[in-house]
Each structure stands twice: as C-alpha cells, then as structure tokens.
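Tertiary structure, described
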Amino acid sequence: MRIIFLTLIAWFIIPYSFANENIDKINSFGKKIDNCREIFIKEKSEIDFPLMKYYKDNMQVHEDLQKCYIDVAAEIFEAYYTDNKQIMVNKLNSYIDDIYEYNQIIYYNSNHCKENCGSLGDLYAKQATSYDLQNYLIRMLSQLEAVYGN
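As the structure is a prediction and not an experimental result, all values here were calculated from the model. (Residues numbered from 1 in each chain as written. Predicted model: local features only at pLDDT ≥ 70, side-chain atom pairs only at ≥ 80, totals over all residues. Heavy atoms only, no water.)

Digging into a nonpolar patch on the surface
On the surface, Ile106, Tyr107 and Tyr124 cluster together into a nonpolar patch covering about 290 Å² of accessible area. The topology assignment puts Ile106 in helix 3 (residues 85-107). (Patch = residues over 30% accessible without salt bridge, like charges linked within 9 Å, V, L, I, M, F, W, Y side chains within 5 Å. Areas by Shrake-Rupley, 256 points an atom, 1.4 Å probe, with all protein chains shown as cover. Salt bridge = Lys/Arg side-chain N within 4 Å of Asp/Glu carboxyl O. Helix = DSSP H or I, 4+ residues; strand = E, 2+ residues; numbered from the N terminus.)

Written as structure tokens, this is what we have:
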C-alpha cells in the first residue's frame, strides 16, 4: 500500500511541483523583458532634441534595449536550451542582423525615404528591430508556457 501511495505522489505531485517551478521561472523572464522595456522608456524620455544628438542617442537606447533582450534570451537559453545554448545565441544574433537588414529595406530603401529621410531610415529600422526582438522573446516564453504549463 505504501508503494502505491508513493507512486501516486510521484505521478501527480512531483510533476505539478516541477510545472509550477517552471511557470514561475518563465514568469520571471517575462518580468525581465518588461524591465528592459521600462529602462528603455526611461532612457528615451531623457533624450535631448538637437537632431543629430537625438539620432545618436535614440540609436544608442535601442542598442541598449536589444542588449538587454539578448541578455534575457541568454538566460532563457541557459535554462531551457542548455545543450544548444551557444548555437541559440549565434542564431539569435544572426536573426537580429537579418531583421535589421529587412527593416532597412522597408524603412530606408523606399522611394520616399531615400530622398527625404536621410539617416532616419536607419533609426526606424533599429526601432522596428527592437520590437521584433521583443516579440520573438514573448513568443518563446509563450511556447515554454505551453510546454511546461500543462
């Protein structure tokens, strides 16, 4: 009888505890993503407006935001993709380069922007890349919630 009881505990309680631990960890990564965004908003609100300084500072806060997201992604890879962490980091960096390039095509290479936007097309591409990276991380966490939440 004792063996049956211990087997039931192992089947029902331990996986439930493991799932809760993973959901808590996943939620903590979500909070870190939110924290990156809050820091970005604070830094962005402190930017002065002379145009060239605005451009450089804006590019820098987006680079800082992306770096923060990459740090969170590295933690997620460490926790859930341990065997492939370095491969995942390399692929993420390639993904960021690719989406920046694609966003440059959208924002910088249009007929209107080529003649009128100057370097702002790069800024628009950098901003769109930050949002794409944030969405990538949110999708990753949603997938992990689906796997570990059930």
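Moving on from the coordinates now.
Things to note about the state of the cysteines
Within this structure, the stated rule accounts for one disulfide. Across the disulfide from Cys36 sits Cys68; the S-S distance is 1.9 Å. Disulfide Cys36 to Cys68: torsion about the S-S bond roughly -80°, handedness left-handed. On the criterion of sequence distance, the pair formed by Cys36 in helix 1 (residues 2-45) and Cys68 in helix 2 (residues 51-80) is long-range, its members being 32 residues apart. Relative accessible area serves as the criterion here: at 2%, Cys36 is assigned to the buried category. (Disulfide = S-S within 2.5 Å. Buried < 20%, exposed > 50% of the residue type's maximum accessible area, 1.4 Å probe, protein only.)

Details of the side chain of Lys126
Along the chain, Lys126 falls in helix 5 (residues 120-148). Residue classification places Lys126 among the buried positions, given a relative accessible area of 12%.

Notes on the pattern of salt bridges
Applying the stated criterion to the full structure yields five salt bridges. Across the pair Glu78 and Lys85 runs a salt bridge whose closest N-O atoms are separated by 3.2 Å. Here Glu78 falls in the partly exposed class, since its relative accessible area comes to 42%.

A word on the side chain of Arg37
Tracing the sequence through the fold places Arg37 in helix 1. Despite being buried, Arg37 has no salt bridge partner; Asp34 is the closest side chain of opposite charge, sitting 8.0 Å away. Here Arg37 is in contact with Leu65, Tyr69, Tyr131 and Gln134, once residues within four sequence places are set aside. (Lys, Arg positive; Asp, Glu negative; His and termini not counted. Contact = heavy atoms within 4.5 Å.)

Brief notes about the nonpolar core
Counting 23 residues, the largest nonpolar core has Tyr69, Ile76, Phe77, Leu137, Leu141 and Leu144 as its most contacted members. Within the residue set of this core, elements represented by two or more residues are helix 1, helix 2, helix 3 and helix 5. If you tally residues by element for this core, the top one is helix 2, at eight residues. Excluding residues within four positions of it along the chain, Ile76 makes contact with Phe29, Tyr81, Leu137, Met140, Leu141 and Leu144. (Core = buried A, V, L, I, M, F, W, Y, C linked by side-chain atoms within 4.5 Å.)

Describing the confidence of the model for the protein
Overall, the prediction assigns the protein a mean pLDDT of 83, with 85% of residues at 70 or greater. Mean pLDDT in the protein bottoms out at helix 1, which sits at 73, and peaks at helix 5, which reaches 92. Every residue in residues 5-18 scores below 50 in pLDDT, and together they form four contacts with partners more than four places removed in sequence or on other chains. (pLDDT = per-residue confidence, 0-100.)

Observations regarding the packing of helix 3 against helix 5
Between helix 3 and helix 5, the shortest axis-to-axis distance is 8 Å and the interhelical angle comes to 135°. Taken together, the axis directions place helix 3 and helix 5 in an arrangement best described as oblique. Note on packing geometry: the crossing formed by helix 3 with helix 5 is right-handed. Together, Leu92, Tyr95, Ile96, Ile99, Tyr100, Asn103, Gln104 and Tyr107 of helix 3 and Gly121, Asp122, Tyr124, Ala125, Lys126, Ala128, Thr129, Asp132, Leu133, Tyr136 and Arg139 of helix 5 make up the contact between the two elements. (Axes fitted to C-alpha atoms, helices over the stretch in contact; angles between N-to-C directions. Parallel < 35°, antiparallel > 145°, perpendicular 65-115°, else oblique. Left-handed = near helix turned anticlockwise from the far one by under 90°.)

A few points about helix 3
Because an α-helix completes one turn every 3.6 residues, residues spaced three or four positions apart along the sequence face the same direction. Taking 1.5 Å as the rise per residue, helix 3 with 23 residues should run 33 Å; its terminal C-alpha atoms sit 32 Å apart, in good agreement. Looking only at helix 3, the buried set comprises Met88, Val89, Leu92, Ile96, Ile99 and Asn103. (Expected span 1.5 Å × (residues − 1).)

With respect to the packing of aromatic side chains
Inspection of every chain in the model, using the stated rule, returns five aromatic pairs. Each member of the aromatic cluster is reached from another via a ring pair, and the members are Phe29, Tyr80 and Tyr148. Lys25 extends its terminal NZ or CZ atom over the ring of Tyr80, reaching a point 5.5 Å from the ring centre. Across the ring face of Tyr100, the terminal group of Lys126 is positioned such that the distance to the ring centre comes to 4.9 Å. (Phe/Tyr/Trp six-rings, centres within 6.5 Å; stacked < 30°, edge-to-face > 60°. Lys NZ or Arg CZ within 6 Å of the ring centre and 35° of its normal.)

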